[in-house]
Amino acid sequence: MREKLLGAILALTVISASAQTCSQRLVQAERDYENGRLQSIPDNIGDCFGRRDGDFSKEERIRAYRLLTLVHIFTDNEPEAERSLISLLRVDPEHQLDERVDPAELRLLYNQFQTRPIFRIGFRAGINTSFPQVMDSFTASDANFDNKFYNGRGGVENQDAAGVRRIGFNGEVTYEQYFKAGLEGVAGLQVRASSYDVDNFFNDPFFNNNITNSQVYARLPIMARYTLNYDKRGGFQPYGLIGLSYDFLISARYVNATRRGGSQFTLADNVDLLASNQVNRHNASFIAGIGLRFPVQTHFLTAEFRYEKSFFNYIDEDNRYSNQSINFDLGHVEDNLRLDFLSLTIGYTLSIYNPKRLNN
Amino acid sequence: MIKNLPLLLFIIIVIGSCSDAEDLGPGDTFLKYYGEAGIQGGEEILYLSESGESILYGVQISAEEAQSDLYLLKVDANGNEIASETYDLTDTATFGSEARFNDIAGSLRREGSQLYFIGSSQNANFSSLTWAIFDLDFGLEQQGWISIDGVSLAGKDLFADNEELVLVGTADAVLQPGDPLSSNSADEQQIYLARINPADPDSILVQRTRGFEGRDDVLYVDRFADDNIVIIGTTQRTSSRGTNILVMALNDIFSPRGNEEISIVIGGEDNYNEEVFDVYKRDDGYVITGSSSRGPSAFPFFVNISYNASGTITIDQRDTLGVSASTGNNGVGRGITFGPNGNYFIVGVMPTLDKGSEIMLLQTDQSGNHLEAFERGYGLTAGNDTGNDIVVTTDGSLLILSTVDLGQGNNLLSLMKVNTKGDLMR
């Protein structure tokens, strides 16, 4: 008789539990945990994880997996405790423990797991402008006088350079790996389209010209990035970076050329500087930058300034005369110059997690 | 691979840094444009071997007075301007009442530390011979004119003969009885010769004309074989054979030396008209270039003449040079020099299919045979560009003076430095 009574009570309990919503069952499970009734908890909430209707919210999932982890710890079921903790970290990859609430056993287990992203993928797009750095000046005019001006800065007598500062566009995707102490390694692929203007003035103001030189580079930057308050949640986090880049020139063209003096000059349709070997295809750059990142859940929005200083001559010094039309019609001879760039990008960085127990 | 990327970048940067070590310095380029508004064209280039500097001269139309003046330009070894001057040398004393006088270029010679210029002072009605002496910085030391009432004179070349100047040019009248000039018409012209003392510019020591029936012209005068003077020009003395090259040997008072008057018919072609543009002096003779033309066809030519100790002149080579099939073999030689590789280089002008004309550079062997495939064209994509003169520098490069046509009447002087392959130097 007594056994029948207990069976009836248990059946009623199960029936009662199955009639509750998952949220109610989670609250009940947490009460059971506080009261030391651990054994029934996994069964009471276990089927809530897979149900489409009445399923847990994300916040409830986090509470439920944390609760299961604690139950399995305190029932000495370590494999299940680890599985529950991994599930918890999949739902909340950077789940933070609270020393005031979470027991030491949970913190001990937590610390044995990889809770940081295994890597991040960054996507950035933005604008750039170039700063040609002349190493050696070459001109069909008198080299003893300042007669060549880049990006519209300068002029002679009462005539300003016609050039303007050009804005280019760049986009990149990066692989980002955290090392330690806020330090990350960043490597990626960038495509940068840019252009600059140059004005040539001759001995007499009646003759001058303006030319726009355009480039498209595929670049492989590799950088070290340090972020202040790396683990801080919420708010802006400033960072700085330095690095190097291999730069491969995909395209280089004269896209605009005008001449003042004489009859109108018409630029040929396709002035390919790579085809005439006027420019060097390979280059490398030093990169320095600062930025801000703003956490969005476990991901980030970023805004970043970079200054990039190329190491080598953009112009092939053995072929600066290979475009006779530009040389003679415009009197333009390319300088030996490095191309430096200032860029501003905004981006979004995805954090990729793979929670697992760390070795040792 | 990713782990090795920093190392790879470092290696690339180190290698690139090594290859970029050469310091070119400013001004090692050699395509240069010079001039101001009104530049008409270049004439000659003189290379100062002791300094590497070059002196260019040409003609400029002054904007204020709408008249042509002498334009002098001095550049350093890198082609950068050192000094430039524009001189109005017109004969205001003689023709002071006439407006719009023009300086017409003849020749500029360097003797020691002085430059000797000869040309013409012209307007629509009159022409006189003009000469001037400058220092190497274009300071005018002396100038003078030779004007003869009723006669148009034009100065073409000169040389300093001790304290005197020997001047040659043209006159449209006979100044010495016995020289055959059938009439004083525009089609008739004699070679004019004069000897002056520049210290006393108003006095003419000797002057006379030489020539034949028809139109004679002169380009060049030089002293050779001790007491001989040679003049090189053109003559129509054998009118059935067109205008031909004339080489004439004279004594110091401009009388013929024996029978040394040679007419050279280029390539044996009748009815072609030769025009002489430049003479290169060798140790034992002269190499001459110009054009041999008939109708729309014009060919550059190469003539090599030599003289022996007694002053006898012989013709060693006389032939036209084919340019290219695409331009109908046309071209005009305007300047010639002996290159550092033992070949001759001729600069000039040749027509092109898609524009007016371009600067021409030809190379011949020592015998004047056009080296196969050595024919280079330079210039703008439109307009009429002309190569004017060529000299060899002490470093074995070739300096080419040319005139580039920007269109709408705007020209510039251009100086190119090329190697013996015709490639522009850096």
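**Things to note about the overall build of chain B**
Right, on to step 1. Along chain B, the regular secondary structure elements total one helix and 28 strands.
Right, on to step 2. In chain B, which comprises 426 residues, the proportion classed as buried is 46%.
Right, on to step 3. Partitioning the intrachain contacts of chain B with sequence separation of at least 6 by distance along the chain shows that 50% fall at a separation of at least 24.

**Focus on the overall build of chain A**
Right, on to step 1. Each helix and strand in chain A was counted, giving seven helices and 12 strands.
Right, on to step 2. Rg of the C-alpha trace for chain A: 33 Å, well past the compact-globule value of 21 Å for 360 residues, more than 25% over.
Right, on to step 3. If you line up chain A on its principal axes, its C-alpha atoms span 120 × 40 × 35 Å.
Right, on to step 4. Taken across its 360 residues, chain A has 37% of its residues classed as buried.
Right, on to step 5. A fraction of 69% describes how many contacts in chain A between residues 6 or more apart in sequence connect residues 24 or more apart.

**Notes on the pairing of strand β28 (residues 410–418) of chain B**
Residue and element names in this part refer to chain B.
Right, on to step 1. Counting buried positions over the nine residues of β28 gives eight, a clear majority of the element.
Right, on to step 2. The sheet contact formed by strand β1 (residues 31–34) and β28 spans four bridges and is antiparallel. Note on β28: the bridge partner recorded for Y33 is S414.
Right, on to step 3. The sheet contact formed by strand β27 (residues 398–407) and β28 spans nine bridges and is antiparallel. Paired with L398 across the strands is V418, a residue of β28.

**Looking at helix α4 (residues 58–74) of chain A**
Residue and element names in this part refer to chain A.
Right, on to step 1. If you check α4, its first and last C-alpha atoms are 24 Å apart, about what 17 residues at 1.5 Å a residue would give, namely 24 Å.
Right, on to step 2. The set of residues buried in α4 consists of R61, A64, Y65, R66, L67, L68, T69, L70, V71, H72 and I73.
Right, on to step 3. Elements that come into contact with the buried residues of α4 comprise α2 (22–34), α3 (41–46), α5 (78–91) and α6 (104–110).
Right, on to step 4. The first or second residue beyond α4 is D76, which carries a positive phi of 60°.

**Structural notes on the packing of α2(A) against α4(A)**
All names here are of chain A.
Right, on to step 1. As a packed pair, α2 and α4 sit with axes 11 Å apart at the nearest point and diverge in direction by 30°. Comparing their axes, α4 and α2 come out roughly parallel. Helix-helix and strand crossings are classified by hand; for α2 and α4 the assignment is left-handed. Touching S23, L26, A29, E30 and Y33 of α2 are E60, R63, A64, L67, L70 and V71, all from α4.
Right, on to step 2. Looking at the contact of α2 with α4 residue by residue, the classes come out as seven nonpolar, one polar and three charged.

**Observations concerning the sheet that holds strand β10 (residues 153–161) of chain B**
All names here are of chain B.
Right, on to step 1. Overall, antiparallel pairing links the four strands, which are arranged β10-β11-β12-β13 in an open sheet. Each end of this open sheet is capped by a strand with a single partner; those strands are β10 and β13 (204–210). On average, adjacent strands in this sheet sit at an angle of 20° to one another, irrespective of strand direction.
Right, on to step 2. Across seven bridges, strand β11 (residues 164–171) lies against strand β12 (residues 190–196) in antiparallel orientation. Residue pairing across strands places L167 opposite A194, the latter belonging to β12.

**A look at the nonpolar core**
Right, on to step 1. Formed by 108 residues in total, the largest nonpolar core has its most connected members in B:L167, B:I231 and B:I232.
Right, on to step 2. Those residues in contact with B:I231 that lie beyond four places of it in its chain are B:V168, B:I191, B:V218, B:Y220, B:V221, B:M248 and B:L250.
Right, on to step 3. Among the nonpolar cores identified, the runner-up in size contains 20 residues, and A:Y196, A:L273, A:I315 and A:I326 belong to it.

**Examining the environment of A:I211**
Residue and element names in this part refer to chain A.
Right, on to step 1. Looking at where I211 falls in the secondary structure, it is placed in strand β7 (residues 208–227).
Right, on to step 2. A residue is classified by how many C-beta atoms lie within 10 Å of it, and I211, with 23 of them, is buried.
Right, on to step 3. For the pair I211 and N151, spaced 60 residues apart in the sequence, the C-alpha separation amounts to 9.9 Å.
Right, on to step 4. When residues no more than four places from it in sequence are discounted, the contact partners of I211 are V198, Y254, N256, A257, L330 and H332.

**Looking at the environment of A:I222**
Residues and elements named next belong to chain A.
Right, on to step 1. With respect to the element layout, I222 can be found in strand β7.
Right, on to step 2. You can call I222 buried: it has 20 C-beta atoms within 10 Å.
Right, on to step 3. Taking C-alpha positions, I222 is 6.0 Å from S245, a pair spaced 23 residues apart along the chain.

**Section: the confidence of the model for chain A**
As a note on interpretation, predicted positions should not be read in detail where pLDDT is low.
Right, on to step 1. Per-chain confidence: chain A averages 88 in pLDDT, with 93% of residues scoring 70 or above.
Right, on to step 2. Considering only residues more than four positions removed or in separate chains, one finds that residues 8–12 of chain A, a stretch of pLDDT under 50, has zero contacts.

**A word on the sheet that holds strand β8 (residues 127–135) of chain B**
Residue and element names in this part refer to chain B.
Right, on to step 1. If you walk across this open sheet you meet the four strands as β6-β7-β8-β9, and the pairing is antiparallel. The sheet is open, and its two borders are formed by β6 (102–111) and β9 (140–146), each paired with just one other strand. Each adjacent strand pair in this sheet contributes to an overall mean axis angle of 20°, direction not counted.
Right, on to step 2. When strand β7 (residues 114–122) meets β8, the two strands line up antiparallel, connected through nine bridges. Bridge pairing links Y116 to I133 in β8.

**A word on the packing of α4(A) against α5(A)**
All names here are of chain A.
Right, on to step 1. One can describe the packing of α4 onto α5 by two numbers: an axis separation of 8 Å at closest approach and a directional angle of 160°. For the element pair α4 / α5, the angle class is roughly antiparallel. α5 is crossed by α4, and the crossing has left-handed handedness. For the pair α4 and α5, the contacting residues are K58, R61, I62, Y65, R66, L68, T69, H72 and I73 in the first and E80, A81, S84, L85, S87, L88 and V91 in the second.
Right, on to step 2. Residue classes in the contact of α4 with α5 are distributed as eight nonpolar, four polar and four charged.

**Observations regarding the environment of A:L267**
Right, on to step 1. Within the element layout of this structure, A:L267 appears in the loop between β8 (237–260) and β9 (271–272).
Right, on to step 2. For A:L267, the contacting residues outside a window of four places in its chain are A:Y254, A:N256 and A:A257.

**Thoughts on unusual backbone geometry**
Phi is mostly negative for residues that are not glycine, and the peptide bonds are mostly trans.
Right, on to step 1. In the Ramachandran plot, A:A181 falls in the positive-phi region, its phi being about 55° despite a non-glycine side chain.
Right, on to step 2. Relative to the elements of secondary structure, A:A181 occurs in the loop between β5 (168–180) and β6 (183–201).
Right, on to step 3. Even without a glycine there, the phi angle at B:Q408 is positive, about 55°.
Right, on to step 4. Summarising the element assignment, B:Q408 is placed in the loop between β27 and β28.

**Re α2(A)**
Because the α-helix completes a turn every 3.6 residues, residues three or four places apart line up on one side.
Residues and elements named next belong to chain A.
Right, on to step 1. Its 13 residues give α2 an end-to-end C-alpha distance of 18 Å, which sits within 8% of 18 Å, the value for a rise of 1.5 Å per residue.
Right, on to step 2. When we look at burial in α2, the residues that qualify are C22, R25, L26 and A29. Down the axis of α2, the sector holding all buried residues measures 100°, keeping them to one side. Among the exposed residues of α2, those pointing more than 90 degrees away from its buried face are Q24, R31 and E34.
Right, on to step 3. Two residues or fewer after α2 comes G36, characterised by a positive phi angle close to 80°.

Criteria and thresholds
- Residues numbered from 1 in each chain as written.
- Chains lettered and ligands numbered in written order.
- Predicted model: local features only at pLDDT ≥ 70, side-chain atom pairs only at ≥ 80, totals over all residues.
- Helix = DSSP H or I, 4+ residues; strand = E, 2+ residues; numbered from the N terminus.
- Buried ≥ 20, exposed ≤ 12 C-beta atoms within 10 Å, placed from the backbone.
- Contact = placed C-beta atoms within 7 Å.
- Rg over C-alpha atoms; globule rule 2.2 N^0.38 Å.
- Pairing = 2+ DSSP bridges.
- Expected span 1.5 Å × (residues − 1).
- Axes fitted to C-alpha atoms, helices over the stretch in contact; angles between N-to-C directions.
- Parallel < 35°, antiparallel > 145°, perpendicular 65-115°, else oblique.
- Left-handed = near helix turned anticlockwise from the far one by under 90°.
- Nonpolar A, V, L, I, M, F, W, Y, C, P; charged D, E, K, R; others polar.
- Core = buried A, V, L, I, M, F, W, Y, C linked by C-beta atoms within 7 Å.
- pLDDT = per-residue confidence, 0-100.
- Arc of directions from axis to C-beta.

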